[in-house]
Structures are given as C-alpha cells and as structure tokens.
Amino acid sequence: MIAKPKVLVIGLGLIGASFAKSLKQQQLAELYGYDQDPTVPETAKAMGVIDVPVGDLADVLGMDAVVLAVPVMAMPDAVRRIRHLIPTLTALTDVGSVKQAVVDSVRQELGELPGCFVPGHPIAGAEKSGVTAAQADLFDRHMHILTPTSASTPEAIELVRSLWAQCGAQVVEMPVERHDEVLAATSHLPHLLAFSLVDTLARESENREIFKYAAGGFRDFSRIAASDPTMWHDIFLMNSEATLKILRRFQADLHLLEEAIEHRDGDLLRTVFTRAKSARDYFTEIMEERQKGPEPK
Ligand SMILES: NC(=O)c1ccc[n+]([C@@H]2O[C@H](COP(=O)([O-])OP(=O)(O)OC[C@H]3O[C@@H](n4cnc5c(N)ncnc54)[C@H](O)[C@@H]3O)[C@@H](O)[C@H]2O)c1
Ligand SMILES: O=C(O)C(=O)C[C@]1(C(=O)O)C=C[C@@H](O)C=C1
C-alpha cells in the first residue's frame, strides 16, 4: 500500500472537496485539486481542503490516484483532460451518481477500460453545492458503492477502497446495473418527486404565499428540491431507463391512492399507510444502527 499517496481531485465541489478535506485533515494523502472554475482551487487551498491547487492539468505528473468529482455529463471532458496521467496511475475513480454512463464515457474516451479504473459512488451528500459546502465528516458511516469493471486491478480496487474507508465510509461492491436500479428507486425518484411537488406548489401559489404556512412535513419532504439543477439534469438524462421504470410503477400506485380517496376506500388507505409506516420504521432502525457503528478513524 502506498504510504501517503498523491491524489488529484477533479471538481472541487461538495463531494470532491469533502473527500479531499477529510484526507487532508488526517494527513493521509497529498491532495492536488483542479476545477473548471479557476478561482476554486485557490479557495480550496485557502480553506485547507487541498495542498496543491492545479491551474493546468497538462503540468501535473506522477499522481497515484485521480478522483473525478464533476457532474455526470462532464465526466468525458474530465477523462480527456487526465488522459496523459493514466499509464502511471494506480487508481482512477469517480463519484458520479450514475454508474453505467460513467463507465461508457471512460471506455469511449480511452478506447478501453483501463485496469486502474474503479467506478464509485458515495451514498452521502446534501442539497448544497460548491467548495464552501465541504464537510470533512460527510462520508462518516455512510455507504460507498464500488462497481469494479472486469478490467479493474486488485491494486486499484484496494487503493480506492482504502481512501474511502479512511474518510469513514463503509465500502461495498455491486454490479453496475444493480447500482443504477437501486439508486433510481432510493435517490433519483425521490428527488424527482420533490422537485415536481415544490414546482407545482410554487406555480399555483401567486407570490409563493402558501410556503409561509408550511412546517415540518413540507420541510422534510422538500429539502432535496434545493439540490443543484445541473447535477440532477445530468442524472435523469443518464439514468433514464431505470428511473422511468420505477417512476411508472410509482405513478400506478399513486393512481390507486387517488381512486381510494375518490371512492372513500378507507381500507386501502389504511393498508397502504400501515405498510409504508412499517417500511419507514425499518429504515429508521437501519439508520440508528449505522450511527451506533464503530467510531470513524
Ligand atoms: N451532491 C450530492 O449529494 C452527491 C452525492 C453523491 C454523489 N454526487 C455526485 O458527485 C458529483 C459532483 O457533485 P457535487 O454535489 O460535488 O457538485 P458541485 O456542483 O458541488 O461540484 C461540482 C464541481 O465540478 C466542477 N466542474 C464541472 N464541470 C467540470 C469539468 N468539466 N472539469 C472540471 N471541473 C468541473 C464545478 O465547477 C464544481 O466546482 C456528481 O457527479 C454527482 O452526481 C453528488
Ligand atoms: O442528502 C442529500 O441531500 C442527498 O441528496 C444525497 C443523495 C441521496 O441520498 O439521494 C443524493 C445523491 C447521491 O448520488 C447520493 C446521495
């Protein structure tokens, strides 16, 4: 294992900067950072997120690992810019919320999947974006899903695993198709519903009057509607098949509830709500168990 790897983060937003900040605070890696916004690497350095701000990627050599932390549709551009580093890299990974599309981008840009490439996705985040939102403990006790390709080398997987474990994450592996289906259901669909509901209410209420009267229920349901529009635009276009599949199932179930209200079918309402409450209570238990887990390093 490399003692203090040189790690280059491309995209110093919420996720890239939080990852860098965690490793830097623990002095576990030498952090290099690049962003398409030229002011961001200097800000990241001043905030203690990275060691070395990078202005021109062509000047960078000798990295052990590169982490692509840009929106999913910007991945091809990021891969193109670090192509010269690939032959000497131990590990190349990403944090994209969609995995098949990122694998396809890497294959397309490089002509093949390199052994150093291990796709990944931290199952942690926030509705905030940008370097100033960086949080060193963002990944503590959260899952990090790796979807290694058939070409990923054991050394690459080991380095990526250890970097995320050092950020406090529980690292697991999953086939890429399964990842995109699971995340469509648990993350992508809820964001679509939140964006849609808030938009409907905002458009119906001249001058957004009704928001004054909303409290905890609306707050809990709508928090994620404040998430970054570019990030979510990319996710829905790049994981459209799995999202449409679960969205259509949800629309059918919602229609049943609509009919139950219309026909005063209280039994159906009670059955659905009881089943949903039991599932949500189970999820609460899982979250509580995870919080009790081992102290992050
Ligand atoms: N926000 C979350 O909750 C969350 C959680 C897990 C994974 N992700 C994934 O992480 C990635 C980054 O999300 P984020 O929330 O950190 O976004 P962000 O908007 O906070 O940061 C993205 C950064 O990438 C930079 N960037 C954009 N295009 C670039 C390019 N071509 N080259 C270099 N830099 C570029 C932007 O200037 C910005 O600083 C996305 O792929 C997203 O799907 C996000
Ligand atoms: O907590 C939030 O705000 C998030 O949106 C985080 C969240 C999610 O749980 O859906 C969003 C996108 C990701 O790719 C991973 C995690």
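See the structure shown above.
Parameters at a glance
Residues numbered from 1 in each chain as written. Chains lettered and ligands numbered in written order. Predicted model: local features only at pLDDT ≥ 70, side-chain atom pairs only at ≥ 80, totals over all residues. Heavy atoms only, no water. Phe/Tyr/Trp six-rings, centres within 6.5 Å; stacked < 30°, edge-to-face > 60°. Helix = DSSP H or I, 4+ residues; strand = E, 2+ residues; numbered from the N terminus. Buried < 20%, exposed > 50% of the residue type's maximum accessible area, 1.4 Å probe, protein only. Near = heavy atom within 4 Å. Polar contact = N/O pair within 3.5 Å; in protein donor to acceptor, adjacent residues only side chain to side chain. Nonpolar A, V, L, I, M, F, W, Y, C, P; charged D, E, K, R; others polar. Domains from an automatic or database assignment. Areas by Shrake-Rupley, 256 points an atom, 1.4 Å probe, with all protein chains shown as cover.

J.: Help me out: how do you make sense of the packing of aromatic side chains in this one?
T.: Within this structure, the stated rule accounts for four aromatic pairs. Plain terms: the ring middles of F19 and W164 are 4.5 Å apart, the flat faces sit at 35 degrees to each other, and that makes the pair tilted. On the criterion of sequence distance, the pair formed by F19 in helix α1 (residues 14–25) and W164 in helix α5 (residues 154–166) is long-range, its members being 145 residues apart. Each member of the pair, F19 together with W164, is buried. Plain terms: the ring middles of W232 and F236 are 5.7 Å apart, the flat faces sit at 40 degrees to each other, and that makes the pair tilted.

J.: Could you clarify how one ought to interpret the site of ligand 2 in this entry?
T.: Neighbouring ligand 2 are 13 residues, the closest being S97, H121, S187, H191 and R223. Contact distances for ligand 2 include 3.0 Å between an oxygen atom and a side-chain N or O atom of H191. Within the residue set of the shell around ligand 2, elements represented by two or more residues are β7 (120–122), α6 (176–204) and α8 (229–238). In terms of residue class, the shell around ligand 2 is built from six nonpolar, five polar and two charged. Mapped onto the domain boundaries, the shell around ligand 2 takes at least three residues apiece from domain 1 (6–174) and domain 2 (179–292).

J.: I would appreciate a short explanation of unusual backbone geometry in the present structure.
T.: Backbone geometry follows two general trends: most residues other than glycine have a negative phi, and most peptide bonds adopt the trans configuration. Even without being a glycine, Q27 presents a positive backbone phi close to 55 degrees. Backbone geometry places R264, a non-glycine residue, at a positive phi of 55 degrees. Inspection of the secondary structure puts R264 in the loop between α9 (240–262) and α10 (266–292).

J.: Where do I start with the site of ligand 1 in this structure?
T.: The full set close to ligand 1 counts 27 residues, and D35, V70, D77, S97 and G130 are the nearest of them. Within the contact set of ligand 1, a nitrogen atom lies 3.1 Å away from a backbone nitrogen or oxygen of Q36. D77 places a side-chain nitrogen or oxygen 2.7 Å from a nitrogen atom of ligand 1. Isolated, ligand 1 exposes 830 Å² of accessible area, and the fraction of that covered by the protein chains is 90%. For the shell around ligand 1, the secondary-structure elements that each account for two or more residues are α1, β7 and α8. Classifying every residue of the shell around ligand 1 gives 16 nonpolar, nine polar and two charged.

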